[in-house]
Amino acid sequence: MTAAERPILPKLVGERIKRREDPRLITGHATYVDDLKLPGLLHLAFKRSDSAHGVIKNIDTSAAEQMPGVELVMTGKQLAEILGPMPIGTPFPSPDHYAIATDRVRYVGEPVAVVVAADRYLARDAADAIEVDIEELPAVVDPEKAMQGEPAAVHEGFENNLAVPYVPGGTGVDPATMEVDNSALDKAFAEADVNISQRMTNQRLAPNAMEPRGVVAHWEPGKEQITIWSGTQNPHILKTMIAAQLGVGQHQVRAIAPEVGGGFGCKINIYGEEYTAAAISRKLGAPVKWIEDRSEAFMATTHGRDILAYVDLAAKRDGTVTALKLRLIADVGAYNMLLTAAVPTLTMLMLNGTYDIPVVRAELTEVFTNKTPTDAYRGAGRPEATYFVERAFDMLAHELGMDPADVRRKNFIKKDAFPYTTQMGAIYDSGDYETALDRALQNAGWEQLKQERDQARAEGRIVGLGLAYYVEVCGLGPSASLPTGGWEHAGVTIERDGRITATTGSSPHGQGNETTFAQMLAEQFGVAFDDVTILHGDTGVVKQGIGTFGSRSQAVGGTVLMNAGEKVKKKMAKFAAAMLDANEDDLVFENGMISVKGSPGSGKTFAEVASFAYVPVPLPPGVEPGLSDEAFWEPENNTYPFGCHIVMMEIDRETGEPRLTKVVAVDDAGTIINPMIVDGQIHGGLAQGIGQAMIEEVVYDEDGQLVTGSFMDYAIPRADDLPWFEMDNTVTTTPVNPMGAKGVGEAGTLGSTPAVVNAAVDALSPFGVKHVDMMLRPEKLWRLMQGGGA
Amino acid sequence: MIPTEFDYKRATSLDEAIQLLSSSSEAKLLAGGHSLIPLMKLRLSEPETLVDIGRIPDIKGIREREGKIGIGAGTTHHEVETSDLLREKAPVVADCAGEIGDPQVRNRGTLGGSLAHADPAADYPAVMLAIDAEFHIKGGNGWRTVKASDFFQDMFTVDLADDEIIVNAMFDPIQSASYAKLHQRASHYAIIGVAAALGVENGLIQWARLGLTGAIGYAVRMPNVEEALIGKQPEQDTIDAAAGIAGDGLEDINSDLHASAEYRRAMIKVFTRRALEGAVARL
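The numbering scheme is per chain: residues are counted from 1 as the chain's sequence reads. Chains and ligands are labelled by the order in which they are written, letters from A for the one and numbers from 1 for the other. Side-chain atom pairs in this predicted model are given and counted only at pLDDT of 80 or more, local residue features only at pLDDT of at least 70, and totals for whole chains, interfaces and linings cover all residues.

Some remarks on the domain arrangement of chain A
Residues and elements named next belong to chain A. Keep this limit in mind: The start and end points of each domain follow an automatic or database-based domain assignment. We call two residues in contact when their backbone-placed C-beta atoms lie within 7 Å. Strands here are runs of E lasting at least two residues and helices are runs of H or I lasting at least four, both read from the DSSP assignment and numbered beginning at the N terminus. Classification used: nonpolar for Ala, Val, Leu, Ile, Met, Phe, Trp, Tyr, Cys and Pro, charged for Asp, Glu, Lys and Arg, polar for all others including Gly.
The assigned domain composition of chain A is domain 1 (3-29 + 478-633), domain 2 (33-137 + 212-260 + 267-300) and domain 3 (378-474 + 638-785). Here domain 1 and domain 3 have C-alpha centroids that lie 38 Å from each other. Domain 1 puts 20 residues into the contact, and the matching count from domain 3 is 17 residues. Secondary-structure elements contributing two or more residues to the side of domain 1 that touches domain 3 are α15 (513-525) and α16 (553-580). In terms of residue count, α16 provides more of the side of domain 1 that touches domain 3 than any other element does, five residues in total. Split by residue class, the side of domain 1 that touches domain 3 holds five nonpolar, 11 polar and four charged.

As for the interface of chain A and chain B
Each side of the interface is counted separately: chain A has 19 residues, and chain B has 14 residues. If you list the elements that add at least two residues to the side of chain A that touches chain B, you get α4 (120-128) and α20 (778-785) of chain A. Take the side of chain A that touches chain B: its biggest share by element is four residues, from α4(A). Taken together, the residues of the side of chain A that touches chain B break down into nine nonpolar, two polar and eight charged.

Considerations on the sheet that holds strand β12 (residues 288-291) of chain A
Residue and element names in this part refer to chain A. Heads up, the condition is: Should DSSP find at least two bridges between two strands, the strands are taken to pair. The angle between two axes is taken between their N-to-C directions and runs from 0 to 180 degrees, where each axis is a line fitted to C-alpha atoms and a helix contributes only its stretch in contact.
Within the open sheet, the seven strands sit side by side as β3-β5-β1-β12-β9-β10-β11. Their pairing is mixed. Strands at the two margins of the open sheet, each flanked by one partner only, are β3 (70-75) and β11 (253-256). Recorded for the sheet is a direction-independent mean angle of 20 degrees between the axes of neighbouring strands. The sheet contact formed by strand β9 (residues 214-220) and strand β10 (residues 225-230) spans six bridges and is antiparallel. By the bridge assignment for β10, V215 is matched with S230. In the packing of helix α8 (residues 272-284) onto the sheet, the strands contacted are β1 (42-48), β3, β5 (111-117), β9, β10 and β12, and the crossing angle to β9 comes to about 25 degrees.

A look at the packing of helix α12 (residues 404-411) of chain A against helix α13 (residues 433-444) of chain A
All names here are of chain A. The cut-off we apply is this: Oblique is the label for every angle not falling under 35 degrees (roughly parallel), over 145 degrees (roughly antiparallel), or within 65 to 115 degrees (roughly perpendicular). For any helix crossing, the convention is left-handed if the near helix is rotated counterclockwise from the far helix by under a right angle, and right-handed if that rotation is clockwise.
Running from N to C, α12 and α13 cross one another at 170 degrees; their axes reach a closest spacing of 11 Å. Taken together, the axes of α12 and α13 lie roughly antiparallel to each other. Crossing of α12 against α13: the hand is left-handed. Within the contact between the two elements, α12 uses A405, R408 and R409 and α13 uses E434, L437 and L441. In terms of residue class, the contact of α12 with α13 is built from three nonpolar, no polar and three charged.

Notes on helix α17 (residues 606-614) of chain A
All names here are of chain A. This is how it is decided: Put plainly, a residue is buried at 20 or more neighbouring C-beta atoms within 10 Å of its own, exposed at 12 or fewer, and partly exposed in between, counting only other residues' C-beta atoms, which are placed from the backbone. The arc under discussion is defined with respect to the helix axis, by the directions toward the C-beta atoms.
Within the sequence span of α17, burial applies to F606, V609, A610, F612 and A613. End-on, the buried residues of α17 take up no more than an arc of 160 degrees, which puts them together on one face. Where α17 is buried, its residues meet β19 (488-494), α16, β23 (593-596) and β24 (599-605).

Let's talk about the domain arrangement of chain B
Residue and element names in this part refer to chain B. Segmenting chain B into domains produces domain 1 (7-52), domain 2 (63-171) and domain 3 (177-281). Domain 1 and domain 2 are separated by 19 Å when their C-alpha centres are compared. Listed as interface residues are 11 residues of domain 1 and, on the opposing side, 16 residues of domain 2. Counting residues per element, the side of domain 1 that touches domain 2 draws most heavily on helix α1 (residues 14-22), which supplies five residues.

Comments concerning the nonpolar core
To be explicit about the condition: Put simply, a nonpolar core is a cluster of buried Ala, Val, Leu, Ile, Met, Phe, Trp, Tyr and Cys residues tied together by C-beta atoms within 7 Å.
Among the nonpolar cores identified, the biggest contains 343 residues, and A:V115, B:I131 and B:A195 are the most heavily contacted of them. Looking at this core element by element, the count peaks at 12 residues for α16(A). Each residue touching B:A195, except ones within four places of it in the same chain, is listed here: B:V92, B:C96, B:A126, B:V127, B:L129, B:A130, B:A177, B:Y179, B:L210, B:G211 and B:A275.

Here we look at the sheet that holds strand β3 (residues 49-52) of chain B
Residues and elements named next belong to chain B. On the basis of which strands lie adjacent, the open sheet formed by three strands has the order β1-β3-β2 and parallel pairing. Here the strands that pair on one side only, and so sit at the sheet edges, are β1 (7-10) and β2 (27-30). Across the sheet, the mean angle separating the axes of adjacent strands is 25 degrees when strand polarity is ignored. Bridge count for β1 against β3 is four bridges, and the pairing is parallel. When the bridges of β3 are listed, Y8 appears paired with L50.

Next up, the structure:
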């Protein structure tokens, strides 16, 4: 084929290319953990606590042990002989947490014993046959009561259940000494024309990934190596932690995340079930599998959010915000997991919002309760910050009778002020908040919507408009900000046939990186999209990595992939230069050819050059054979994407049922590789953010029993809960990475939640309502309209 | 689902199903499975034998015969929802089916399963009461017929012996009937559901039947509302007055995470009015 006959390859980066992952995912050809079958595979089932809090007096496993097909039954005490307490990733003091409870249970669903049996059904039958005698203790349920007076203690040695007693931050706080100077704060509030003061909650949520957790562990006695397959967001962290817990070298552990059906943050943590599976596989010398069922997922997978705030805002009458103060109390549940204690610190970090507020102070306390532990959930701390700030700004707008958009615009950090260091210590990389606000107002038809709302109100209908603005910390992050290290790794190999195989430590579980990363590499090398394959999720294949969380894959994983690609491309140019008798700096890579600039007909095909690189006769001087290289890279700073979400809501006057009639989102994630995938990420984020505002809430009763233990009582958003989403983007690139990409995986959850509540409060304002806590239960709204309070 | 061990038997005929049902004291019928399987998943139900009646042709389908409409107990909610015959002859039944659960539930769940299970918040019972349906039931002792108003007895309790199977529901065609429902957003069961059916002649309401679900342990008629309607003109004032006493005197109103008893009481009136308005609109 001559160059003239070869097709001109289309542009790839920035194009709406369909996800290559989808055909296998939607036709049942994907391999999840539960699809794995190994010879001699045994199955685990956990006996879990029905009590929220109690002392384990006795566990009778005799009946279970005698059941046919049962290989082994272990209590927490027995397991503790071969498995120490679980490690966490935060520096705060933390109580010992064993994979299976040894002496006390501290939440409903905490494992108390494990059964190993020939199949999953037998294992469950045997787990049901275990008799557990628990002496009940009072359950600690309300975090504010838990930290005052003489409450029951969830853990010995943690007075008043304080997991993190007190962390101050912001204006007047010396970060080195934690000394607090209140003079600026006091002055701002004393001089304010308007003070807003409100207690707000950001309720507990269940992540509910479509695929529950699962693990297969296979210790091979002959090799003294373990392979562990897990539905995890970060196989390399899993490998590190499993090696540490088993007391083996990292060379003895291979961790594989096969297809992972969603994570939303709850699959960052390495769980007791994973450690237990690994330890038991080694003990028995046999492969074992554990698959979580949905009931377990509700009570044994980490929950998200659950933080309350006493918010105080000081402002001038013209809408200028002069100070913001938040007293934050996080209910972290029964134990510290991998990032539990760190999530609320991200709430603190982002309390400046998108605003140039001169005085911002936060004080954080984290409290243990007898509930499922919390950890990251889509947004992880930042949606909570956005919610508190955006509710407070909306309350100010209502108080002053100002347009909510105007209050925000008045206080925005201006476009030319970046990089901007906030009072909380974040350094915002770039931003153009007014442009995205204007776009959102224009797309929504804001002025007309206000008229429609007023018209509807005049007709006696209950209609409200809500606007919220967010900024998020993404692209995590320099190593100083992550205990795992804040870099990412990539490898790029040109195969002998000219196809490109790349590896990435960003292990996607729904983000579409097999597609976006292939778009980038194909464009970098000037080859066809179909000629690039992205491998991920297997520490035996991907040498190093951190993982996928904090909207970091594109900004960090994408950058390092380009860097690895550039190294290989330079080397490939040397081979091509030798073949073409040209200078390597004069070559162009395009349309599957490497040619001398200006004479495309003279070139060699990609496959010809690749083939030569592996059989280089003669070997060009100073060049090693082969085409493969790798790179590590970490950013100097996080990225700070932003956006504006607007919703319109109508509430049924008679029933209190809220219904969204309009959702408009303008998001700025910096450079976009694949707009279709970005739309999908925003779409899902909006749904989850709206879900939190309207229909999702984990509820415990006063005895610490989980009331919302199934989809019968815990709703997740369905298509008919949501209106059409009108989505748009502005593009403000980041200087933090060469692509200018900021990240988008969590963004949708940030603005939508406060926008929905702002709309509800706006709708209910004729009834004198100034605030309502989530979720927006119809009965709650109905009571507000009856004048009875929520 | 990880249930306890059970035997599975697929019946090919009604009589075989009855025989299988009689042969074990702990046998349960499996049709769409949308009530039974969630209970088995939680091990709240541990049947020894499942008798699958999902492929018995005699209990499926929607037919009109001798002026009556019959729906086979094995007919799915989706088939009811989309039935042209029902849309034409008894639209309230199709409307009700379309309000059940979500598409997955409607594609599997069956009329008979819903009636036999008698969840306190199920939709069908309210409508069956309002259209005065009768259920044809077959068991070891042969056939019998039970009126809907006698069938629902208490929470998860109906007039059905262990060896009996609901074969179909029969009712007269009806236009002037409507179902109004407040959805529980997680399960999409009814927090309150009201079905209203009206007979009007010479400009006056001759008879009225109102079925209420979600309010107490089982679906009930609302005789006080019915009496308030009879003999009146089908106008807004009549509806408002009748709906205004809906639920009055009803005791043991359900109260849960999703709705307090007080809220449910208020919603009985709201949804009674809406159901009556819907029925009048079809006169």
